[in-house]
Amino acid sequence: MNKKSSPTAVIALVVTIMFVAVLHYVTPVDSIVLHQIYQRIFYIPIILAAFWYGLGGGIGAAALAAVSYLPHILLHWQHQNYEYALNQYAEIGLFFVIGAVTGWLGDQKRREHERAERINTELQTAYADLRQTVGQLLQAERLSSLAEIASGVVHEVRNPLGAIKGAVEILEDEIPEDSPRREFARIAKVEVERIDKLVSEFLRFARPPKLSKVPSSVNELVESVISLLDPRAAEGSVSIEKELASGLSPIEIDPEQIVQVLLNLAINALDATPNGGTIVFRTYESGDTVTVEIEDTGVGIAADDKERIFDPFFTTKDKGTGLGLSVAHRIVTQHDGNLTAENTERGARFKVTLTRTGQ
Ligand SMILES: Nc1ncnc2c1ncn2[C@@H]1O[C@H](COP(=O)(O)OP(=O)(O)OP(=O)(O)O)[C@@H](O)[C@H]1O
Ligand SMILES: [Mg+2]
């Protein structure tokens, strides 16, 4: 039922019809049997044309057969054998009937086939969506039970960790300044701090603290994040710019948690930005929302990672926990706000939108 789209198929059909017509003209009139065979051969290209090109193809081929055969009837049979000529006119009528009916049936079947294919594609898409949703549900369930168990363990890890940190510091003090052993103490301290950060992030992720909302100035929170960031920025010679809206009225939020969000975003921006780059902190108000943007001139978010950066434990960094953005996302969502990421011409931009609803 494939529609032959190549011009060769059309040419072959036309040539066959013309060839059969020529046979009529060159065969003596008294060889009636041969003429009858030829006229049946006309049906082959007519049916094929109808089959391949539908109603239009069938009628077109019938018309071509009629036009090429008609003069032969008029020239020869009309005078010599009128009855046979009438028979032939009827045959030509039949060309059209066969061409039209086959073409119509072909069209119907093709439409059905297309419909079935469309339904099949839709079903496949729906199936893929369903599988993805089921996968996400399973993952969410796995994560929540995993988080439940792990947060218990992690909680227990914190106390000995504090003790180790204290002990290492005492040991470090006792090691002479010039001893190569001091380096071991330094490594131990750095690694303990790393575990401590992971543990804290994980606990924030697994057991989010309850929000304690108070009217807060978003600009002040941004300023405090910048002051926390400044030494790191100076270290990497990254300049910090501020475009803070003036006259922002306070908004009901949990300031500590929002600082945590902004800090996570700012540290990511700093991680992504090379020396000489810039991080812009921008705040603005629109309707009943206040937005904080943190824009960097870093590497931007890779297209493949865009969907996953907010997933817990997704990281592209050697020492990253991959929890920074998922914690930030959770906190902003708890505030009924929105956290989005996009690439700019020069890097990435993260947007925290907080709503004043209910205030
Ligand atoms: N400003 C940014 N520019 C480019 N990529 C970013 C930016 N912020 C986040 N990402 C990408 O998103 C990933 C996840 O970020 P997230 O803060 O959740 O974890 P992390 O920064 O890798 O680890 P951690 O927060 O523990 O240091 C990063 O590893 C990085 O690939
Ligand atoms: Mg991070």
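Structural notes, computed from the coordinates. (Residues numbered from 1 in each chain as written. Chains lettered and ligands numbered in written order. Predicted model: local features only at pLDDT ≥ 70, side-chain atom pairs only at ≥ 80, totals over all residues. Heavy atoms only, no water.)

**Remarks on the packing of aromatic side chains**
Summed over the entire model, instances satisfying the criterion amount to five aromatic pairs. Centroid distance Trp52 to Tyr53: 6.5 Å. Interplanar angle 90°. Geometry classified as edge-to-face. Between Trp77 and Tyr84, the ring centres sit 4.6 Å apart and the planes meet at 65°, which makes this aromatic pair edge-to-face. Across the pair, exposure class does not vary: Trp77 and Tyr84 are buried alike. Following the ring pairs from residue to residue traces out a cluster consisting of Phe42, Tyr43, Tyr69 and Phe95. (Phe/Tyr/Trp six-rings, centres within 6.5 Å; stacked < 30°, edge-to-face > 60°. Buried < 20%, exposed > 50% of the residue type's maximum accessible area, 1.4 Å probe, protein only.)

**Describing a negative patch on the surface**
On the surface, Glu169, Asp173, Glu174 and Glu193 cluster together to form a negatively charged patch. Note that Glu169 resides in helix H4 (residues 82–174). Accessibility expressed as a relative area gives 34% for Glu169, which makes it partly exposed. (Patch = residues over 30% accessible without salt bridge, like charges linked within 9 Å, V, L, I, M, F, W, Y side chains within 5 Å. Areas by Shrake-Rupley, 256 points an atom, 1.4 Å probe, with all protein chains shown as cover. Salt bridge = Lys/Arg side-chain N within 4 Å of Asp/Glu carboxyl O. Lys, Arg positive; Asp, Glu negative; His and termini not counted. Charge placed at Lys NZ, Arg CZ, Asp CG, Glu CD. Helix = DSSP H or I, 4+ residues; strand = E, 2+ residues; numbered from the N terminus.)

**Here we look at the site of ligand 1**
Around ligand 1 there are 20 residues in total, and Asn268, Thr315, Thr316, Lys317 and Thr321 lie nearest to it. Between an oxygen atom of ligand 1 and a side-chain N or O atom of Thr316, the distance comes to 2.4 Å. Contacts to ligand 1 include Leu325, whose backbone N or O atom sits 2.8 Å from an oxygen atom. Against a free-state accessible area of 600 Å², the protein chains account for coverage of 93% of ligand 1. Spatially, ligand 1 is embedded in the largest pocket. For the shell around ligand 1, the secondary structure elements donating two or more residues are helix H7 (255–272), helix H8 (324–334) and strand E7 (348–355). Top contributing element to the shell around ligand 1 by residue count: H7, with three residues. Residues of the shell around ligand 1, tallied by class, amount to nine nonpolar, eight polar and three charged. (Near = heavy atom within 4 Å. Polar contact = N/O pair within 3.5 Å; in protein donor to acceptor, adjacent residues only side chain to side chain. 1 Å grid on protein atoms, 1.4 Å probe; cavity = no way out; pocket = protein on both sides within 12 Å on 5 of 7 lines; lining within 4 Å. Sits in = over half its atoms within 2 Å of the grid points. Nonpolar A, V, L, I, M, F, W, Y, C, P; charged D, E, K, R; others polar.)

**Side note on helix H2 (residues 32–41)**
For H2, the set of buried residues is His35, Tyr38 and Gln39. The arc that holds every buried residue of H2, seen down its axis, measures 95°, which confines them to one face. (Arc of directions from axis to C-beta.)

**A short note on the layout of surface pockets**
Considered as a void within the structure, the largest pocket measures approximately 840 Å³ in volume. Going through the elements one at a time, helix H5 (181–206), H7, H8 and E7 are the ones with two or more residues in the lining of the largest pocket. Ranked by residues supplied to the lining of the largest pocket, first place goes to H7 with nine residues. For the lining of the largest pocket, a count of residues per class yields 14 nonpolar, 11 polar and nine charged. For the lining of the largest pocket, the domains that each give at least three residues are domain 2 (144–206) and domain 3 (214–355). (Points joined across faces, edges and corners; volume = space filled by probe spheres on them. Domains from an automatic or database assignment.)

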